[in-house]
Every structure is written in C-alpha cells, then in structure tokens.
Amino acid sequence: MIRKYALLIMILVFVSCNTNKSVIQTTRKGSKTNTSVARTYNKSASKKQIQKTSKPKSSETKTPETLTLEATTRVKVTNEMILAYIEKYNAVAQTNRDKYGIPACIILGQAILESGSGTGPLCIQANNHFGIKCHKDWLGASIKYDDDAIDECFRKYDNPYDSFRDHALFLTSGSRYTPLFKLDKKDYKAWAKGLKDAGYATDSLYPTKLIALIERFQLYKYDGGSLEKDSVYTNEKVAANPSEYQVSPGDTLYSISRKFKISIAELKSKNNMSDNTISIGQNLKVD
C-alpha cells in the first residue's frame, strides 16, 4: 500500500514538472516574438532617418537659370541653349545683313525671341523662326496656330534657312518697314523700337525684350558694334512703381534679393512665383 502511495506521489511530481516546463517554453517564445518586433521597428526607424538625411542633398542641387521667351510662343530656355542657337545661326544672320541691310543682331535677337531659341512649337512644326503670319500675298505652305486669335495662319518653311531668307524679304519688300533702313545699322535700339512702331509685334515690351537679348548675349558684336554707353539695360532699372524692380540682363533672383536685402523665399512669395524663372523686362515686387 505504501508503495502504491509512493508511486502515485512520483507520478504527480513528474506531471507537475512537465506542466511547468511547458509554461516556461511558451513564455520564451513570446519573448522572442517581442524581440523580433522591436528589431523590425528599429530597422524601419533607421530607414526613415536615412531618408530624412538624404532629402537635403537633393534640395541643394541647383537647377540651371532659365529665361522665359515669349512672342508667338512662351517657352523657358537656358543660357546654354541660347548660346548654341546663336552659334548655329549667326553666319546666316551676317549673310543677310550684307545682302539685305538688316543688322545681324536684330535678326538673331528676333529669331531667339520669336522661336524660343528653336524650341517653340511654331518653329518645330513649321520651321518658322520669326513668327511671320501668312498675310494676303503668301502663296506658300502654311500652318494654323493660336496667337492673337484662334487658328491664325502662319507661314511654313521646308527648313530654318528659308525662314531666315523670308524674314529678310518680309522686311525689305514692303513700304511698312522702309523707315528702318534709314537708321544707323549699329543703332540696335532704334531698330528694335522701329520694328514695334511699324507693327511687327503687338507686345508693348517687344523693343525692351529685343534690346535686352542683344545686350545680354552681346549680339551687337556681329555688326562690329559695341554696347551703347547710355544703355538703360546695363544699370539698375526700377520700374515706374517705386516698390518694383524691372529685371535687367544678367539678373538672377539671388542678385536681386541681395540688391534689395530680402530673402529669395520672400521675393518669390511677394511675386507668387513657383520657381526661380525670371524674364528680362519683368517687374518684380521688392518692397
């Protein structure tokens, strides 16, 4: 009987030990799971930290300064694009100067402005580098394009050089532009203003934009000329409103912000600007 009781006690002790071991194992498994979760959280947190540290690097990357050219088109181009355009077409501009008497700087300046340095849709689709409309005497190919009105007729050419030639013929064949050819060939300002007075463009700032391009990229050199000493576009130029500044050749948001001692962010905020693009002749609020 005693042996039976002893055997029963041993069985109970054995079962109790097995039950405790099972509980301990379950606890360990749970602790491993918690540790794993903690490690996963730390990894994701470290990734977020890496991403945060990498963002300032991308924001510090400087974008190239752009100019907005607008006549028959409105496009943004870089200085490098304009210089490449000048390099490509300055020879034909000088040839037309010698043959037709039009200053090369005027030809190049108009082509840059009207074609967006060769990137404007009218230029790409029709090789039209000067924004010349069909008019009644045009018998060549044409293209419809929205300008002052919807679906206006613009001349279309087989290649850019036909456009440069037709520009020269356009200015020399009619009586409208006759007064221009009485001007000094090196007086690019008078030519720019004369084009506007003769009705070449409806934009009131057309002479300002044209002169600014000629001076900024020194196009007058292709006529053997130089920068006019009384040029208002090489000095600080304040708009009619004392609280505004008119953008001149060579200006950037940074230089303007330094000039008026305000931050670039404040300058952009005052003028509702979404990027750093400014155009020559543009009036900016600075006060």
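This write-up is about the structure you can find in this document.

Thresholds applied
- Residues numbered from 1 in each chain as written.
- Predicted model: local features only at pLDDT ≥ 70, side-chain atom pairs only at ≥ 80, totals over all residues.
- Heavy atoms only, no water.
- Helix = DSSP H or I, 4+ residues; strand = E, 2+ residues; numbered from the N terminus.
- Expected span 1.5 Å × (residues − 1).
- Buried < 20%, exposed > 50% of the residue type's maximum accessible area, 1.4 Å probe, protein only.
- Contact = heavy atoms within 4.5 Å.
- Polar contact = N/O pair within 3.5 Å; in protein donor to acceptor, adjacent residues only side chain to side chain.
- Core = buried A, V, L, I, M, F, W, Y, C linked by side-chain atoms within 4.5 Å.
- Phe/Tyr/Trp six-rings, centres within 6.5 Å; stacked < 30°, edge-to-face > 60°.
- Salt bridge = Lys/Arg side-chain N within 4 Å of Asp/Glu carboxyl O.
- Disulfide = S-S within 2.5 Å.
- Bend = angle between axes of the 7 residues up to and from the residue.
- Axes fitted to C-alpha atoms, helices over the stretch in contact; angles between N-to-C directions.
- Parallel < 35°, antiparallel > 145°, perpendicular 65-115°, else oblique.
- Left-handed = near helix turned anticlockwise from the far one by under 90°.
- Nonpolar A, V, L, I, M, F, W, Y, C, P; charged D, E, K, R; others polar.
- Lys, Arg positive; Asp, Glu negative; His and termini not counted.

Examining helix 5 (residues 160-173)
(1) Moving on: Taking 1.5 Å of rise per residue, 14 residues should cover 20 Å, and helix 5 covers 20 Å from first to last C-alpha, within 8% of that figure.
(2) Moving on: All buried positions along helix 5 are accounted for by Pro 160, Ser 163, Phe 164, Asp 166, His 167, Ala 168, Phe 170 and Leu 171.
(3) Moving on: In this structure, the buried side of helix 5 is in contact with helix 2 (79-100), helix 3 (104-115), strand 4 (152-155) and helix 6 (188-197).
(4) Moving on: For helix 5, the capping residue at the N-terminal end is Asn 159, with a side-chain oxygen 3.0 Å from the backbone nitrogen of Tyr 161.

Notes on the nonpolar core
(1) Moving on: By size, the foremost hydrophobic cluster in this structure holds 42 residues, and its most contacted members are Ile 106 and Tyr 200.
(2) Moving on: The set of elements that each furnish at least two residues to this core consists of strand 2 (74-78), helix 2, helix 3, helix 5, helix 6 and helix 7 (206-216).
(3) Moving on: Here this core takes eight residues from helix 3, the largest share from any one element.
(4) Moving on: With near-sequence residues (within four places) excluded, Ile 106 lies in contact with Tyr 188, Trp 191, Ala 192, Leu 195, Leu 210 and Ile 214.
(5) Moving on: Counting residues in hydrophobic clusters, the runner-up holds ten residues, among them Val 247, Leu 253, Leu 267 and Val 286.

Regarding the packing of aromatic side chains
Geometry of an aromatic ring pair is reported as the spacing of the ring centres plus the angle between the planes.
(1) Moving on: Counted according to the given criterion, the structure contains 13 aromatic pairs.
(2) Moving on: Seen from their ring centres, Tyr 89 and Phe 164 are 5.1 Å apart, and the 20 degrees between their planes marks the pair as stacked. Highlighted residues: Tyr 89 in helix 2 and Phe 164 in helix 5, separated in sequence by 75 residues. When sorted by exposure, Tyr 89 lands in the same class as Phe 164, which is buried.
(3) Moving on: Members of the aromatic cluster, connected to one another through ring pairs, are Tyr 85, Tyr 89, Phe 130, Tyr 161 and Phe 164.

Here's the deal with the pattern of salt bridges
(1) Moving on: On inspection of all chains with the given rule, the structure shows eight salt bridges.
(2) Moving on: One salt bridge in this structure joins Arg 97 and Asp 223, with 3.9 Å as the shortest N-O distance. Note that Arg 97 is positioned in helix 2 and Asp 223 in the loop between helix 7 and strand 5 (244-246), a separation of 126 residues in sequence.
(3) Moving on: The partly exposed category is assigned to Arg 97, whose relative accessible area is 24%.
(4) Moving on: Among the salt bridges present, the one from Glu 266 reaches Lys 270, with a minimum N-O distance of 3.9 Å.

Some points on the environment of Tyr 222
(1) Moving on: Its place among the elements puts Tyr 222 in the loop between helix 7 and strand 5.
(2) Moving on: Its relative accessible area of 22% is what places Tyr 222 among the partly exposed residues.
(3) Moving on: In this structure, the C-alpha to C-alpha distance between Tyr 222 and Ala 93, residues 129 residues apart in sequence, is 8.6 Å.
(4) Moving on: Beyond its immediate sequence surroundings of up to four residues, Tyr 222 is in contact with Ile 86, Asn 90, Gln 94, Arg 97, Ala 104 and Leu 108.

What about the state of the cysteines?
Should the sulfur atoms of two cysteines be covalently bonded, the bond is a disulfide.
(1) Moving on: Throughout the structure, instances matching the rule amount to one disulfide.
(2) Moving on: Residue pairing for Cys 134: its cysteine sulfur links by disulfide to Cys 153, the two sulfurs lying 2.0 Å apart. Because the torsion about its S-S bond is -65 degrees, the bridge between Cys 134 and Cys 153 counts as left-handed. With a gap of 19 residues between them, Cys 134 in the loop between helix 4 (121-126) and strand 3 (142-145) and Cys 153 in strand 4 connect regions that are remote in the sequence.
(3) Moving on: The exposure class of Cys 153 is partly exposed, given its relative accessible area of 25%.

With respect to helix 2
(1) Moving on: Bending of helix 2 peaks at approximately 50 degrees at the position of Tyr 89.
(2) Moving on: Listed in full, the buried residues belonging to helix 2 are Ile 82, Tyr 85, Ile 86, Tyr 89, Asn 90, Val 92, Ala 93, Asn 96 and Tyr 100.
(3) Moving on: Gly 101, located one to two residues past helix 2, shows a positive phi value of around 80 degrees.

Here we look at the packing of helix 2 against helix 3
(1) Moving on: Helix 3 packs onto helix 2 with a crossing angle of 135 degrees between their chain directions and a minimal axis gap of 8 Å. Comparing their axes, helix 3 and helix 2 come out oblique. Between helix 2 and helix 3 lies a crossing of right-handed hand. Only Ala 104, Ile 107, Leu 108, Ala 111, Ile 112 and Ser 115 of helix 3 make contact with helix 2, whose side of the interface consists of Ile 82, Tyr 85, Ile 86, Tyr 89, Asn 90, Ala 93, Gln 94, Asn 96 and Arg 97.
(2) Moving on: Tallied by class, the residues present in the contact of helix 2 with helix 3 amount to ten nonpolar, four polar and one charged.

Let's talk about the side chain of Glu 114
(1) Moving on: Tracing the chain through its elements places Glu 114 in helix 3.
(2) Moving on: For the buried residue Glu 114, which engages in no salt bridge, the nearest side chain bearing the opposite charge is Lys 133, 9.4 Å off.
(3) Moving on: At a separation of 3.0 Å, a polar atom in the side chain of Glu 114 contacts the side chain of Tyr 206.

Examining the environment of Tyr 161
(1) Moving on: By the element assignment, Tyr 161 lies in helix 5.
(2) Moving on: Put simply, Tyr 161 and Asn 127 are 34 residues apart on the chain and 8.6 Å apart in space, counted from C-alpha to C-alpha.
(3) Moving on: Residues contacting Tyr 161, with those up to four places away along its chain left out, are Lys 88, Tyr 89 and Val 92.

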